[in-house]
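The residues making up each chain are set out below.
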Protein chains: 2
Amino acid sequence: MENKNITIKEVAQKAGVSMSTVSKAFRNYADISHETRQHILKVAEEIGYKPDNVSIYKANVNKNYRLALLVEDYDAENYMIYEMLIAFKTAASTYGYETIILTTSSDMQKGHDLSNFIQEKQVDGAFIIGLKMTDDYYNQLENINYPCVLYDVPINNDKVGCVGVDNIKGSLMAVEHLIKNGHKNIAFINGHKSAVVSYERLDGYYLAFNRNNLPLRKELIIHSDFSYEGGKLAAEELIKENKDITAIFCASDLMAVGAIEALSGLGYSVPKDVSVIGFDDINLCQYVSPKLTTIRQDREKIGITAANLLLSIIAGQYFGRIVIEPEFILRESTISLLK
Amino acid sequence: MENKNITIKEVAQKAGVSMSTVSKAFRNYADISHETRQHILKVAEEIGYKPDNVSIYKANVNKNYRLALLVEDYDAENYMIYEMLIAFKTAASTYGYETIILTTSSDMQKGHDLSNFIQEKQVDGAFIIGLKMTDDYYNQLENINYPCVLYDVPINNDKVGCVGVDNIKGSLMAVEHLIKNGHKNIAFINGHKSAVVSYERLDGYYLAFNRNNLPLRKELIIHSDFSYEGGKLAAEELIKENKDITAIFCASDLMAVGAIEALSGLGYSVPKDVSVIGFDDINLCQYVSPKLTTIRQDREKIGITAANLLLSIIAGQYFGRIVIEPEFILRESTISLLK
């Protein structure tokens, strides 16, 4: 009697051991006793558990059983990294891997070769979050020859995979929501040009207008920097020059909150006068007033996917780029002009 | 010519190597070349750098040069852990230590001995964040016999140190600010009783009334759970029963934001009718309306202090409990009743 939904966590709970011990039992890892292994395999059989990625277990001989999570900078404003980190680490644990944290600022030196750097840390691979096109190491990403997964940077080869939300689709969902609700004069506050996602989100904005046969007004598109202050300044500039704007789509929630602040300061009510929609779905969205309509990036899914993708690459499989479905979250900052 | 302010980071930059390489040079670590070591020591001498905790370098022989950061649960709402984590990891790097992440849910099993667990991970010590008095492992903290530093749990012995903000003082600062501005009917929404900090913050509330010869009204004290929803419910209950409340002190910013929402919903304006003050100074404080007056816990300082304390314990020194100064942050959610 097999049950596909049985997870390694349930085996661990039932057997009274940790998830990594279950993982070790399936890999015939040396540091658990014969009795423990037999006990775990018996429990797994009883409740119908099968490891869901057998190839990962098989191929990983002579490995360090260590992964690195490499973050670019100490960015206190980035609420999303911790969620990805914990999900990545938890998924890695189920395969008996430990996770070390590396930061470019404290661990690397200028001119350091990224592949060598990761290899020297005696890890089997790394999940890299937050490198921008303007960073020193960005140009090296194309030539990495050590297993890595990149967040939101669409480079992939035999050793490098990429995971991120479908930015074009997310952007399209946001703008089509506005169009379907009667908005035509829709401004777009995009992120900075040094982020790949900015190009993808711009494509989504274009597509929404094209698909709905609406004329594009390029003067309503402005580049900012993903920050609250940036969003605030951009919204002020937009609304002063274009009084007919009825909606603003922002490429980050922080910029959307800044835009709402700017609009309120100029006497516009959100959403009555202007609808505002963000991107990311950080927790902040629920606590501001009005609560922010946005496009959700599922950080837990990104972290888990990154770990699985990285382990697959380490096991010699090739998967390339994995895109995560964005999710439309309707709250209070957008209204319909129809009726 | 010595300059006390020269940091390991400046030596690293000047020498064109990473901070951990500088650290290794000072420790005579084997995996850097003689030339690199000589180069670094020369640069350090030139710019007047002296390692500021020589005993840490000396005593750490036969070590793994690995530390663990153990977090209790995946708590997406806890914006503070990532900041502490990065600061801890960066400080550990300057001594050539790497940091692995452990979580109780994915790495431990019920009944696991905490000391053994940490020791088995082949780390030299652990920084433990987020264990509550209701957790399985909490009772084991007193008996830990492996180097550990606890965040916000005041247990210390030869092997265990503690770091956290001065909660009594923080609470006192918040309530005295209100008292000095003419408030007398000051409610307190505290955290749950399973957190040590709740007792300390309550002491601070008491002290503020005692020191200022104001009568305590115990019906204005309510226990909640640190969450937005908890703060919202608590504020509704308080204000319905006690219409004379002019200020509410909340033991977390999230509860304060929930309290503001509840007050607005009942027709009270913040701060005009009721002043509200939070605790923590999470980023959210700047983005809500009104911007939240609060007591800041400096996460970077906590993380750096934890790393230094842990390495000192590993080096056989005893420091006990280190309290970090809280900081009063005045924003828009409190007003004076005087004039």
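Residues numbered from 1 in each chain as written. Chains lettered and ligands numbered in written order. Predicted model: local features only at pLDDT ≥ 70, side-chain atom pairs only at ≥ 80, totals over all residues. Heavy atoms only, no water.

Caption draft 1: Main features of the environment of A:Cys148. Residue and element names in this part refer to chain A. Structurally, Cys148 can be placed in strand E4 (residues 148–151). Placed 15 residues apart in sequence, Cys148 and Val163 show a C-alpha to C-alpha distance of 11 Å. Setting aside residues no more than four positions away along its own chain, Cys148 makes contact with Ile118, Ala126, Ile128, Lys159, Val160, Gly161, Leu310 and Ile313. (Helix = DSSP H or I, 4+ residues; strand = E, 2+ residues; numbered from the N terminus. Contact = heavy atoms within 4.5 Å.)

Caption draft 2: Representation of the interface of chain A and chain B within the structure. The partner chain B presents 44 residues to the 44 residues of chain A that form the contact. Counting the surface lost from both chain A and chain B, the interface buries some 3,900 Å², and carbon and sulfur atoms represent 56% of this. Remark: the boundary between chain A and chain B carries six salt bridges. As a salt-bridge pair, B:Glu261 and A:Lys291 come within 3.6 Å of each other at their nearest N and O atoms. In terms of residue count, helix H5 (residues 80–94) of chain A provides more of the side of chain A that touches chain B than any other element does, eight residues in total. Its residues assigned to classes, the side of chain A that touches chain B comprises 20 nonpolar, 13 polar and 11 charged. As paired elements, strand E2 (residues 98–103) of chain A and strand E2 (residues 98–103) of chain B share three bridges and run antiparallel to each other. (Buried area = accessible area lost by both parts, 1.4 Å probe. Salt bridge = Lys/Arg side-chain N within 4 Å of Asp/Glu carboxyl O. Nonpolar A, V, L, I, M, F, W, Y, C, P; charged D, E, K, R; others polar. Pairing = 2+ DSSP bridges.)

Caption draft 3: Structural detail: the packing of helix H1 (residues 8–15) of chain A against helix H3 (residues 34–47) of chain A. Residue and element names in this part refer to chain A. Packing of H1 against H3 brings their axes to within 9 Å, and their N-to-C directions diverge by 120 degrees. It follows that H1 is oblique to H3 by the angle criterion. The two elements H1 and H3 cross, and the hand of that crossing is right-handed. Each of Glu10, Val11, Lys14 and Ala15 in H1 lies in contact with H3, whose residues at this interface are His39, Ile40, Val43, Ala44 and Ile47. (Axes fitted to C-alpha atoms, helices over the stretch in contact; angles between N-to-C directions. Parallel < 35°, antiparallel > 145°, perpendicular 65-115°, else oblique. Left-handed = near helix turned anticlockwise from the far one by under 90°.)

Caption draft 4: Local environment of the packing of helix H5 (residues 80–94) of chain B against helix H13 (residues 299–314) of chain B. Residues and elements named next belong to chain B. Where H5 contacts H13, the axes come no closer than 7 Å and their chain directions differ by 40 degrees. Compared by their axis directions, H5 and H13 come out oblique. The two elements H5 and H13 cross, and the hand of that crossing is right-handed. From H5, Met80, Glu83, Met84, Ala87, Phe88, Ala91 and Ala92 reach across to H13, where they touch Arg299, Glu300, Ile302, Gly303, Ile304, Ala306, Ala307 and Leu310.

Caption draft 5: The arrangement of the state of the cysteines in detail. According to the stated counting rule, one finds zero disulfides over all chains in the structure shown. The thiol of B:Cys148 is not disulfide-bonded; the next cysteine sulfur, from B:Cys162, is found 12 Å away. (Disulfide = S-S within 2.5 Å.)

Caption draft 6: Local environment of the packing of aromatic side chains. Scanning the entire structure with this criterion turns up 14 aromatic pairs over all chains. Considering the side-chain rings of B:Phe249 and B:Phe279, the 6.4 Å spacing of their centres and the 50 degrees angle between planes classify their relative orientation as tilted. A residue pair is termed long-range when its members are at least 10 positions apart, and B:Phe249 in strand E8 (residues 247–250) and B:Phe279 in the loop between strand E9 (275–277) and helix H12 (284–287) qualify at 30 residues. Take B:Phe249 and B:Phe279: they sit in the same class, and that class is buried. Among the aromatic side chains, those forming a connected cluster through ring pairs are A:Phe188, A:Tyr205, A:Phe209, A:Phe249 and A:Phe279. Here the basic side chain of A:Arg201 rests over the ring of A:Phe279, its NZ or CZ set 3.8 Å away from the ring centre. (Phe/Tyr/Trp six-rings, centres within 6.5 Å; stacked < 30°, edge-to-face > 60°. Buried < 20%, exposed > 50% of the residue type's maximum accessible area, 1.4 Å probe, protein only. Lys NZ or Arg CZ within 6 Å of the ring centre and 35° of its normal.)

Caption draft 7: Main features of the pairing of strand E5 (residues 160–165) of chain A. Residues and elements named next belong to chain A. Summarising burial for E5: six of the six residues are buried, a large majority. Burial along E5 is two-sided: the face carrying Val160, Cys162 and Gly164 and the face carrying Gly161, Val163 and Val165 are both buried. Bridge analysis of E4 against E5 gives four bridges, and the strand direction is parallel. Its bridge partner being in E5, Leu150 is matched across the sheet by Cys162. For E5 and strand E11 (residues 321–324), the ladder comprises four bridges, and the chain directions are parallel. Its bridge partner lying in E11, Cys162 is registered against Arg321.

Caption draft 8: Local environment of the environment of A:Arg331. Residue and element names in this part refer to chain A. Counting through the fold element by element, Arg331 comes out in the segment after strand E12 (327–329). Arg331 sits in the partly exposed class, given a relative accessible area of 22%. Distance in space between the C-alpha atoms of Arg331 and Thr293 is 4.4 Å, their sequence separation being 38 residues. Filtering out sequence-adjacent residues up to four positions away, Arg331 remains in contact with Asp281, Cys285, Gln286, Lys291, Leu292, Thr293 and Thr294. Engagement of the side chain of Arg331 in a polar contact is seen with the side chain of Asp281, the distance being 3.0 Å. Only 2.9 Å separates the side chain of Arg331 from the backbone oxygen of Leu292, close enough to count as a polar contact. (Polar contact = N/O pair within 3.5 Å; in protein donor to acceptor, adjacent residues only side chain to side chain.)

Caption draft 9: Broad picture of the relation of the copies chain A and chain B. At an RMSD of 0.1 Å, chain A and chain B line up after a rotation of 180 degrees and a shift of 0.0 Å along the axis. The transformation just described matches what one would write down for a two-fold rotation axis. Closest to the rotation axis within chain A is the C-alpha of A:Ile100, separated from it by 2.0 Å. The fraction of interface residues of chain A whose copies in chain B are also interface residues reaches 100%, indicating that both copies meet through the same surface. (Least-squares fit on C-alpha atoms with pLDDT ≥ 70 in both.)

Caption draft 10: Expanded view of helix H13 (residues 299–314) of chain A. All names here are of chain A. Between the first and last C-alpha of H13 there are 22 Å, a value that for 16 residues agrees with the 22 Å anticipated at 1.5 Å per step. The buried count for H13 comes to 12 of 16 residues, which makes it a mostly enclosed element. Considered for burial, the residues of H13 that qualify are Arg299, Ile302, Gly303, Thr305, Ala306, Ala307, Leu309, Leu310, Leu311, Ser312, Ile313 and Ile314. Where H13 begins, the side chain of Asp298 points an oxygen toward the backbone nitrogen of Glu300, at a separation of 3.1 Å. Following H13 by one or two positions, Gly316 has its phi on the positive side, about 90 degrees. (Expected span 1.5 Å × (residues − 1).)

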